[in-house]
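Chain by chain, the residues run as shown.
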2 protein chains.
Amino acid sequence: MKLLNQYPNIQKEMDIVQELLIKTVQSRQPLVKKTAVEAISSKGKRLRPLLVILSAMLGEYDSKTILPLAAAIELIHTATLVHDDIIDESKLGRGRESIQSQWGKDVAVFTGDFLLCKAFFMISQNGKGNQKDFSRFIQAIKIICEGEIQQYDFRYKTNITIRQYLKRIAAKTAILFSVSCYIGALQAKCSKKIIHALVRYGMSFGMAFQITDDVLDLTGEISLLGKPVHTDLLQGIYTLPIIYTLQHSRYSERLKKLLQKEEHGQQYLSEIYDLVNQSGGVEYSKQLAQKYLIRAEQAIRILPDCDSKKIMIQLLEMILDRTM
Amino acid sequence: MKLLNQYPNIQKEMDIVQELLIKTVQSRQPLVKKTAVEAISSKGKRLRPLLVILSAMLGEYDSKTILPLAAAIELIHTATLVHDDIIDESKLGRGRESIQSQWGKDVAVFTGDFLLCKAFFMISQNGKGNQKDFSRFIQAIKIICEGEIQQYDFRYKTNITIRQYLKRIAAKTAILFSVSCYIGALQAKCSKKIIHALVRYGMSFGMAFQITDDVLDLTGEISLLGKPVHTDLLQGIYTLPIIYTLQHSRYSERLKKLLQKEEHGQQYLSEIYDLVNQSGGVEYSKQLAQKYLIRAEQAIRILPDCDSKKIMIQLLEMILDRTM
């Protein structure tokens, strides 16, 4: 990440995380090695390991215990991405061909499981690895799974509420950001006050991140970031701008009709986009994302001035401009 | 299992495992709860928890620590079954409609992950839960994943060797049986000698079990057990009887031609079966399974006479008659 150019000490830690990742996913089985390395080599932003490190730097930072945890969190995230791709049947994951489109569902399912195991293994091997850490990790993954299934359960349901949407993205995205901050701070023996601040930061950061992602998926701008677009809509997953529009009677019926259409060409997509835009759904979503960004910023005001705090604020600005 | 009618004390433990399983997979998300409960409610034989219990009974048996481990192992097994079904695209898992054919791949992927998390959680929460246990579990799952991917990697390869086949079934099946015995015996503080005997028993048991399963899949007799048949063959997964035939020049070329055919009707299947039968492939496989059964029986000869030993021997006989 460009941002880290100014912080060579943190970039160094991130480089070690990358090395750890590559080292961890080795396997004697050649195809496993290939797919696992490929999965973790994609150009992820590594936001979660970064949050682990930044949080830990607010306490007694010990790279020996922190970096494996940071890598483990990235492995968990990567595993859920690989499994997500199976569902999306998307050809691109993070700007590359996905494991499943290259190797089939078989390999994708078990590559994901393999990565999950490796993550658990890293956590369990971790020197100080206490049970509390471990339970947090597992709870987080459990909640992610529930979030993903909830998402499926609500597919094509036009009566989904904003509250239900927020619960879903909290589960599938924000929790892991929050856990990243928590684990880092906990390991570094930060005070309860700081841990609490970081957990709140991670949560709000994650919410803002996902809402922004959902808006970009709808507007199609996400393609600039190398991801496929409109995947949610085409799979009947309705995100905030759509839900907002469905709840505003002037546009609701027209949108429902459009969503029922079988034909899914470019024309269809731009009609939906126009409607959502007119209704104020895009604007509303952007504003809600901003609210979360403000909350995240407020949460960490109590932190002492330091690099971690500076970078955490810069990350919020990056979501706002969505340059990452 | 009928066998346990004569051992009410063990049946009682197995009933508690069943209750634990149901209790563990609860979720606030209604669909998750439904699919997870369904996955663990299917009529599995619960061989792995049984082996955990039987092994532990050879030492200082403490149901409070043993039964959660027994349940956790069954959860791991169930998770891999759910993920397996995605790959098989099979409509029946254990005689019922599979999660994926009922709810789609989405739900199946994350139901499997959810079950895996629950298993890890149970293990990590376990009172005496030491790191050694935990690492064993994770190593086992890792190896299962590698086995599954190896299986995929060798699809449609007619030059697969018997050695490669044995390695594959060791990874995808036998290891977990072996770990079941190991974990039970370790927790119950059995002697090294007994632990070693049980590990060997579990391994040979698992090998015999899988070879028998593979033969039945080919002969179609497995349908009596409520499973779909010929699934391996139709997916290009060549099992022992096929591999044996491919290595015997008199039949090799004819079989290769048959395997390349696009048309997969009943006629095709019985032609293959006839050829494999003629070549002695079925007979060879049955004999190899028997060899493993004998090895398993030999491994536990050193055990004192007790219910565990008796049941373990009866389990071997059940594989031989394949009444389970």
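Residues numbered from 1 in each chain as written. Chains lettered and ligands numbered in written order. Predicted model: local features only at pLDDT ≥ 70, side-chain atom pairs only at ≥ 80, totals over all residues. Heavy atoms only, no water.

**Considerations on the overall build of chain A**
Formally: Each helix corresponds to a stretch of at least 4 residues labelled H or I by DSSP, and each strand to a stretch of at least 2 residues labelled E; elements are numbered beginning at the N terminus. Using C-alpha atoms as the atom set, the radius of gyration is obtained and then compared with a globule rule of 2.2 Å times the number of residues to the power 0.38. The cut-offs for exposure are 20% and 50% of the maximum accessible area for each residue type, with area from a 1.4 Å probe on protein chains only; residues under the lower value are buried, those over the upper are exposed, and the others partly exposed. Using a 1.4 Å probe, accessible areas were evaluated by the Shrake-Rupley method; residue-level cover was limited to the displayed protein chains. Counted charges follow a simple rule, with Lys and Arg positive, Asp and Glu negative, and His plus the chain ends left uncounted. Note on charges: their place is set at NZ of Lys, CZ of Arg, CG of Asp or CD of Glu.
The helix and strand tally for chain A stands at 15 helices and two strands. Here chain A has a C-alpha radius of gyration of 20 Å; the compact-globule value for 324 residues is 20 Å, and the two agree. Oriented by its inertia axes, the alpha-carbon framework of chain A measures out at about 60 × 50 × 35 Å. When burial is assessed residue by residue, chain A has 61% of its 324 residues classed as buried. Split by element, the accessible area of chain A, about 13400 Å² in all, is 50% carbon and sulfur. One way to put it: in chain A the 43 positive side-chain charges average out to a point 5 Å from where the 34 negative ones average out.

**A look at the relation of the copies chain B and chain A**
The condition that has to hold: The atoms used to superpose the copies are C-alpha atoms, taken from residues with pLDDT of at least 70 in both, and the fit is least squares. Any two residues having at least one pair of non-hydrogen atoms within 4.5 Å are treated as being in contact.
Rotating chain B by 180° about the axis while translating it 0.0 Å along that axis superimposes it on chain A, leaving an RMSD of 0.0 Å. Classification of the inter-copy transformation places it as that of a two-fold axis. Mapped onto chain A, 100% of the interface residues of chain B again fall at the interface, so both copies present the same surface.

**So, helix H9 (residues 192-219) of chain A**
Residue and element names in this part refer to chain A. Filter applied, for reference: Working rule for helices: expected span equals 1.5 Å times residues minus one.
Between its first and last C-alpha atoms H9 spans 41 Å; for 28 residues at 1.5 Å apiece the expected length is 40 Å, and the two agree. Among the 28 residues of H9, 22 are classified as buried, and the element is accordingly described as predominantly covered. Backbone geometry just downstream of H9 places Gly-220 in the positive-phi region, at approximately 85°.

**Structural notes on the side chain of Thr24(A)**
Residue and element names in this part refer to chain A. The condition that has to hold: Nitrogen and oxygen atoms within 3.5 Å of one another constitute a polar contact, given that in protein one can donate a hydrogen and the other can accept it, and given that sequence-neighbouring residues count only through two side-chain atoms.
Within the secondary structure, Thr-24 sits in helix H1 (residues 8-24). Of the polar contacts made by the side chain of Thr-24, one reaches the backbone oxygen of Leu-20; its length is 2.5 Å. Leave out the neighbours within four places in its chain, and Thr-24 touches Leu-75, Lys-118 and Met-122.

**Comments concerning the packing of aromatic side chains**
Selection rule: Pairing of aromatic rings covers Phe, Tyr and the six-membered ring of Trp, with a centre-to-centre limit of 6.5 Å; geometry is then stacked below 30 degrees between planes, edge-to-face above 60, and tilted otherwise. When the NZ atom of lysine or the CZ atom of arginine is within 6 Å of a ring's centre and also within 35 degrees of its normal, the charge is said to sit over that ring.
Here the structure, examined in full by the defined rule, presents 11 aromatic pairs over all chains. Ring plane angle 70° and centroid distance 5.1 Å describe the contact between Phe177(A) and Phe205(A), whose orientation is recorded as edge-to-face. You can see Phe177(A) sitting in helix H8 (residues 162-187) and its partner Phe205(A) sitting in helix H9, a full 28 residues away along the chain. The exposure class of Phe177(A) is buried, given its relative accessible area of 0%. Summarising the aromatic geometry, the rings of Phe205(B) and Phe209(B) are spaced 6.3 Å apart at their centres and angled 10° between planes, so their arrangement reads as stacked. Taken together, the residues span about one helical turn, with Phe205(B) and Phe209(B) both in helix H9 (residues 192-219) at a distance of four residues. Look at Phe209(B) and you get buried, because its relative accessible area is 7%. Among the aromatic residues, those joined into a cluster by ring pairs are Phe177(A), Tyr201(A), Phe205(A) and Phe209(A). When the ring centre of Phe154(A) is taken as reference, the NZ or CZ atom of Lys157(A) above it lies at 5.3 Å.

**Let's talk about unusual backbone geometry**
Residues and elements named next belong to chain A. The backbone of Lys-189 shows a phi angle near 55°, a positive value even though the residue is not glycine. For Lys-189, the location among the structural elements is in the loop between H8 and H9. You can call Lys-189 exposed: its relative accessible area is 56%.

**Some details on the interface of chain B and chain A**
Reports of interface size often rely on the accessible area that becomes lost once the parts have come together. Definition in use: A simple way to read buried area is as the amount of 1.4 Å-probe accessible surface that goes missing from two parts once joined, with both sides added.
Facing 44 residues of chain B, the contacting portion of chain A comprises 44 residues. Both sides of the chain B and chain A interface together cover about 4100 Å² of buried area, and 71% of this is carbon and sulfur. Considering only the side of chain B, the residues that lose the most area to chain A are Phe110(B), Ile149(B) and Tyr152(B), jointly responsible for 17% of the buried surface there. Linking chain B with chain A are four residue pairs in polar contact (both at pLDDT 80 or more), by the criterion used here. If you list the elements that add at least two residues to the side of chain B that touches chain A, you get helix H2 (30-41), helix H4 (63-88), helix H6 (105-125) and helix H7 (131-153) of chain B. Of the residues forming the side of chain B that touches chain A, the biggest block, 15 residues, is contributed by H6(B).

**Focus: the packing of helix H1 (residues 8-24) of chain B against H2(B)**
All names here are of chain B. Our working definition: Only the stretch in contact is used when a helix axis is fitted, and all axes are lines through C-alpha atoms; the angle between N-to-C directions ranges over 0 to 180 degrees. Note on terminology: angles under 35 degrees are roughly parallel, angles over 145 are roughly antiparallel, angles of 65 to 115 are roughly perpendicular, and the others are oblique. It is the rotation of the near helix from the far one that decides the hand of a crossing: anticlockwise by less than a right angle makes it left-handed, clockwise makes it right-handed. Think of it as three bins: nonpolar holds Ala, Val, Leu, Ile, Met, Phe, Trp, Tyr, Cys and Pro, charged holds Asp, Glu, Lys and Arg, and polar takes everything else, Gly as well.
The geometry of H1 relative to H2 is characterised by a closest axis approach of 9 Å and an angle of 160° between their N-to-C directions. Considering their axes alone, H1 and H2 lie roughly antiparallel with respect to each other. In the packing of H1 onto H2, the handedness of the crossing is right-handed. Residue-level contacts link Gln-18, Leu-21 and Ile-22 of H1 to Val-37, Ile-40 and Ser-41 of H2. Here the residues of the contact of H1 with H2 are counted per class, giving four nonpolar, two polar and no charged.

**Observations regarding helix H3 (residues 47-56) of chain A**
In terms of burial, H3(A) is a largely internal element, 10 of the 10 residues being buried. Within the span of H3(A), buried status applies to Leu47(A), Arg48(A), Pro49(A), Leu50(A), Leu51(A), Val52(A), Ile53(A), Leu54(A), Ser55(A) and Ala56(A).

**A word on the pattern of salt bridges**
Residues and elements named next belong to chain A. Filter applied, for reference: Any carboxyl oxygen of Asp or Glu that lies within 4 Å of a side-chain nitrogen of Lys or Arg is treated as forming a salt bridge with it.
Applying the stated rule across the entire model yields 12 salt bridges over all chains. Note that Arg-46 and Glu-74 form a salt bridge whose closest N and O atoms lie 2.8 Å from each other. With Arg-46 in the loop between helix H2 (30-41) and H3 and Glu-74 in helix H4 (residues 63-88), this pair connects stretches of sequence that are 28 residues apart. Overall, the relative accessible area of 0% leaves Glu-74 in the buried class.

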